[in-house]
Amino acid sequence: MSAQASAPGKAILAGEHAVVYGKPAIALPLSGIRANAAYRPTGSPLTLIAEDLARPPLVIDTGDIVSSDPLALMAALTMQYFGLESLQGEIRIQSEIPIASGLGSGAAVSAAIGRAIAQLHGTALPNAALNRLVFEVEKQHHGTPSGIDNTVVVYESPVYFEIGGAPAFLEIADPLLVVVADSGIASLTRDAVADVRTLARLAPTQTARVFEDIGAMVNEARQCIEHGNIARLGELMSANHRLLRALDVSAAELDNLVDAAINAGALGAKLSGGGRGGNIIALVDEASAPVVKQGLIEAGATQVMLTVAGQGSQNDDSD
């Protein structure tokens, strides 16, 4: 008999890149798009199968704790957490989340694997522990990640996040209707983060000012979310995109999609994630949603998804 574990995608609503430098960020789970790990017990050593991720089957043991393959590493870390030398079973991974697009695909796949292994072992994996394990794998994906991706994906709750502090889970006063548009260009977060670090070294005063402005926007955005000021939230998203352009992490294709969303009636729009490619997100209402979706398709988006951000919660802090 098989069963399934899963984790959502995510979008950075505000604060990406600046969060690495001590400023806050807000991320939302995209519960409508998920990474799924179907698992079943077998008499064979644990095998990971991820055909839609173009990966050959992986047979896992605890020696994979040093693996460069993130799927094998997550499986081995989870087995180590439970003190398992080996485990029998099969895990088939399927993901609705575009890869290398700033939507948390890597963190979601890792979280789904961790939960599936726990279930094969006949137990649950507390979110606090799962979050730490996924963060270790995120280091392989991104070099020096902030920790926001794994936190919002694991807890499946809107998160206000600062490095070194406990995440604050936000209450959304009104549902946030979000259109996600894929530029079709791979987004390599590690490279963008490294380039911003170089910019901060070469132009420290200018870059620090941008980080301060982004941080102030994030704090105002939090108030908008908690009090239902959706119109102002959209304005802040668009302003945040302009600041990310100043950090040179946008791209012509992303700017084009942002402009298309605004021109079609979105309340606001911005790149989400590392930048240079990947996705933009646009805040819409029910009336503008279909028009914005069509406008983004006409502007060249390779995939357009409509989802309600922040639905669903697995906010369990137990360890």
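*Asks:* Provide a residue-level description of the overall build of the chain, including the pertinent values.
*Replies:* Regarding its fold elements, the chain presents 9 helices and 11 strands. A compact globule built from 319 residues should have a C-alpha radius of gyration of about 20 Å, and the chain, at 19 Å, falls within 12% of that. C-alpha extents for the chain along the principal axes are approximately 55 × 45 × 35 Å. At a minimum sequence separation of 6, the contacts of the chain that also span at least 24 residues come to 73%. Positive and negative side-chain charges in the chain, numbering 20 and 34 respectively, have mean positions lying 4 Å apart.

*Asks:* Give a description of the pairing of strand β2 (residues 25-45) that names residues and reports values.
*Replies:* Pairing analysis gives 11 bridges linking strand β1 (residues 3-14) to β2, with the strands arranged antiparallel. In the sheet register, A14 faces β2, and the bridge partner there is I26. Bridge analysis of β2 against strand β6 (residues 159-161) gives 3 bridges, and the strand direction is antiparallel. The residue of β6 that forms the bridge with A25 is F161.

*Asks:* Any details on the sheet that holds strand β9 (residues 268-272)? Residues and values, ideally.
*Replies:* Read across the sheet, 4 strands follow the order β9-β10-β8-β11 without closing on themselves; strand pairing throughout is antiparallel. On the outer flanks of this sheet lie β9 and β11 (303-309), each paired with one strand and no other. Between one strand axis and the next, the sheet turns by 25° as a mean value, whatever way the strands run. In this structure, strand β8 (residues 176-182) lies alongside β11, joined through 7 bridges in antiparallel fashion.

*Asks:* Mind laying out the pairing of strand β10 (residues 279-284), listing which residues take part and the relevant values?
*Replies:* Of all 6 residues in β10, 6 are buried, a share of seventy percent or more. With burial as the criterion, each face of β10 is covered, one bearing N279, I281 and L283 and the other bearing I280, A282 and V284. Inspection of the sheet shows β9 paired to β10 by 5 bridges, in the antiparallel sense. Paired with K270 across the bridge in β10 is I281. Here β9 folds back onto β10 in antiparallel fashion, the turn holding 6 residues, of which G273 has a positive phi close to 110°.

*Asks:* Lay out the nonpolar core with the relevant residues and their values.
*Replies:* If you look at the biggest cluster of nonpolar residues, it comprises 110 residues, and the most contacted ones within it are I26, I91, I113, L176, V292 and L296. Here the element with the most residues in this core is helix α2 (residues 105-120); it accounts for 10 residues.

*Asks:* Can you explain the packing of helix α6 (residues 204-227) against helix α7 (residues 230-246)? Please cite residues and give values.
*Replies:* One way to put it is that α6 packs onto α7 with a least axis distance of 10 Å and a crossing angle of 165°. Accordingly, the angle class assigned to the pair α6 and α7 is roughly antiparallel. When you trace α6 past α7, the crossing you get is left-handed. Facing Q206, V210, D213, I214, M217, E220, A221, C224 and I225 of α6, the residues of α7 in contact are R232, L233, L236, A239, N240, L243, L244 and A246.

*Asks:* I'd like a rundown of the packing of aromatic side chains, residues and numbers included.
*Replies:* Within this structure, the stated rule accounts for 3 aromatic pairs. Arranged with centres 4.5 Å apart and planes meeting at 15°, the rings of Y21 and F211 form a pair that is stacked. On the criterion of sequence distance, the pair formed by Y21 in the loop between β1 and β2 and F211 in helix α6 is long-range, its members being 190 residues apart. Judged by its relative accessible area of 6%, F211 is buried. With 5.0 Å between their ring centres and 55° between their planes, Y155 and F169 make a pair best called tilted. Taken together, the residues Y155 in helix α4 (residues 148-155) and F169 in strand β7 (residues 168-169) connect sequence positions 14 residues apart. On the accessibility criterion, Y155 (4% relative accessible area) is buried.

*Asks:* Can you lay out the environment of K23 for me, pointing to particular residues and giving the numbers?
*Replies:* Examined against the element boundaries, K23 turns out to sit in the loop between β1 and β2. Accessibility expressed as a relative area gives 19% for K23, which makes it buried. K23 has contacts with A18, F161, E162, F211, E212 and G215, leaving out every residue within four places of it along the chain. At 2.5 Å, the side chain of K23 and the side chain of E212 are in polar contact.

Definitions and limits used
Residues numbered from 1 in each chain as written. Predicted model: local features only at pLDDT ≥ 70, side-chain atom pairs only at ≥ 80, totals over all residues. Heavy atoms only, no water. Helix = DSSP H or I, 4+ residues; strand = E, 2+ residues; numbered from the N terminus. Rg over C-alpha atoms; globule rule 2.2 N^0.38 Å. Contact = heavy atoms within 4.5 Å. Lys, Arg positive; Asp, Glu negative; His and termini not counted. Charge placed at Lys NZ, Arg CZ, Asp CG, Glu CD. Pairing = 2+ DSSP bridges. Axes fitted to C-alpha atoms, helices over the stretch in contact; angles between N-to-C directions. Buried < 20%, exposed > 50% of the residue type's maximum accessible area, 1.4 Å probe, protein only. Core = buried A, V, L, I, M, F, W, Y, C linked by side-chain atoms within 4.5 Å. Parallel < 35°, antiparallel > 145°, perpendicular 65-115°, else oblique. Left-handed = near helix turned anticlockwise from the far one by under 90°. Phe/Tyr/Trp six-rings, centres within 6.5 Å; stacked < 30°, edge-to-face > 60°. Polar contact = N/O pair within 3.5 Å; in protein donor to acceptor, adjacent residues only side chain to side chain.

Interpretation in functional terms is not warranted from these geometric data alone.
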